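What follows is each chain in one-letter form.
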Amino acid sequence: MGLSDIRQRIASAAKAAGRDADEITLIAVSKVQPAERVEAVLAEGHRIYGENRVQEAQSRWPHFLERWPGIALHLIGPLQTNKARAAVGLFGAIHSVDRMRLVETLARLADERGTSPDLFVQVNTGQEPQKAGCLPAEADGLVEACRRLGLPIRGLMCIPPEAEDPEPHFRALAGMAVRNGLAGLSMGMSGDFETAIACGATHVRVGSAIFGARKAAAG
Ligand SMILES: *Cc1c(COP(=O)(O)O)cnc(C)c1O
C-alpha cells in the first residue's frame, strides 16, 4: 500500500501489457481522506488528485494549491449543472460528462472563459439505473456534441458494476474510444487498475490503495 507501491504496480502492469508506463496518469483519489494523509502524498511529490464532489474539493484544495505548486485536480464524480461554473474554475479535467445539458453548459462556460478543462464522457457500461454516466448508445452523440461545440474532449470514463468482472466493461469502453478516435481511457480503481491497464487505461483513479481505507462512504 502507498504511493510508491502503486507506482511500481503500474509500471509492472504496463510492462506486462507491452506499454510505456509514461502513458498512464495516476490520479490519487483523495476524497474524504484526512488532510494529513493528503499532505503526506503531496510531500512525496505527487501532484495529480481526484475528487468526486465539487464542494468538498472547494473547501480543501485552495489551501493546498497555495502551498504546493503544480497541482492538477480531476473531477471524477457526477457534476450538477449548477456546480459547473465552480467546477471549471477548480478542475483541470472533468471525467463525468454524461448528458447534453451539461455539455451545453460547459461550452457556454468555455466561451466565456476562453478555456476549458479536459473532458471525458462517462459511460454507464453496466447500464445500472442508480449510476451516473450516459448509456453506451448515447456516448457517440455526446462526444460529437463536445467536438461540435469546440470542447477539449479527451476520452471516455467508466466505473464497472461492483459485483462483476470489470474486464468486459474496460474492453467495451476501449472499443468505444477507438470508434470515436479518442486516446484517453479513464478506468481502473484500487481493486482493478492492473486489469484496466491491460485493457488500455491511460488514467487510473486510485484512492484507498494509496491513502488507506476511507472513513465514510463517498459514493
Ligand atoms: C472513489 C472513487 C475512486 C477510487 O476508489 P478506490 O477503490 O478507493 O481506489 C475511483 N473512481 C471514482 C469515480 C471514485 O468515486
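In what follows, the structure referred to is the one given above.
Residues numbered from 1 in each chain as written. Predicted model: local features only at pLDDT ≥ 70, side-chain atom pairs only at ≥ 80, totals over all residues. Heavy atoms only, no water.

Asks: So what's going on with the site of the ligand? Which residues, and what values?
Replies: Taken together, 13 residues surround the ligand, and among them Lys-31, Ser-190, Gly-207, Ser-208 and Arg-214 come closest. One of the backbone N or O atoms of Ser-208 is found 2.8 Å from an oxygen atom in the ligand. For the ligand, the protein covers 91% of the area, taking 390 Å² as the surface of the free molecule. Among the residues forming the shell around the ligand, the class breakdown is six nonpolar, four polar and three charged. (Near = heavy atom within 4 Å. Polar contact = N/O pair within 3.5 Å; in protein donor to acceptor, adjacent residues only side chain to side chain. Areas by Shrake-Rupley, 256 points an atom, 1.4 Å probe, with all protein chains shown as cover. Nonpolar A, V, L, I, M, F, W, Y, C, P; charged D, E, K, R; others polar.)

Asks: Describe the pairing of strand β8 (residues 203-206), and please don't skip the residues or the numbers.
Replies: Neither face of β8 is left uncovered, since the one carrying His-203 and Arg-205 and the one carrying Val-204 and Val-206 both have all their residues buried. Bridging between strand β1 (residues 25-29) and β8 involves four bridges; their strand directions are parallel. By the bridge assignment for β8, Ile-27 is matched with Arg-205. (Buried < 20%, exposed > 50% of the residue type's maximum accessible area, 1.4 Å probe, protein only. Helix = DSSP H or I, 4+ residues; strand = E, 2+ residues; numbered from the N terminus. Pairing = 2+ DSSP bridges.)

Asks: Lay out the packing of aromatic side chains in plain terms, naming residues and giving numbers.
Replies: The final tally for this structure, using the stated rule, is two aromatic pairs. When the ring of Trp-61 is compared with that of Phe-64, the centres are 5.1 Å apart and the planes differ by 70°; the resulting orientation is edge-to-face. Taken together, the residues span about one helical turn, with Trp-61 and Phe-64 both in helix α3 (residues 54-67) at a distance of three residues. Using a relative accessible area of 0% as the deciding quantity, one classes Trp-61 as buried. Relative accessible area serves as the criterion here: at 2%, Phe-64 is assigned to the buried category. The rings of Tyr-49, Trp-61 and Phe-64 are connected pair by pair, giving a single aromatic cluster. (Phe/Tyr/Trp six-rings, centres within 6.5 Å; stacked < 30°, edge-to-face > 60°.)

Asks: Please provide a residue-by-residue account of the pairing of β1, values included.
Replies: For β1, the buried fraction is high: four of the five residues fall into the buried class. Summarising the sheet, β1 and strand β2 (residues 48-51) pair through two bridges and their orientation is parallel. The partner of Ala-28 across the bridge, within β2, is Tyr-49. On the question of chirality, the crossover connecting β1 to the parallel β2 by way of helix α2 (residues 35-43) is right-handed. (Right-handed = clockwise from strand over helix to strand, strands pointing away.)

Asks: Account for the pattern of salt bridges, naming residues and giving values.
Replies: As a working rule, side chains carrying opposite charge can pair if their charged atoms are close by. All chains considered together, the criterion is met by eleven salt bridges. Of the charged contacts, one joins Glu-194 and Arg-9 as a salt bridge, the two residues approaching to 3.0 Å between their closest N and O atoms. You can see Glu-194 sitting in helix α8 (residues 193-198) and its partner Arg-9 sitting in helix α1 (residues 3-16), a full 185 residues away along the chain. A residue is classified by how much of its surface remains accessible, and Glu-194, at 31% relative accessible area, is partly exposed. (Salt bridge = Lys/Arg side-chain N within 4 Å of Asp/Glu carboxyl O.)

In short, the description is geometric, and any link to function would need to be established separately.
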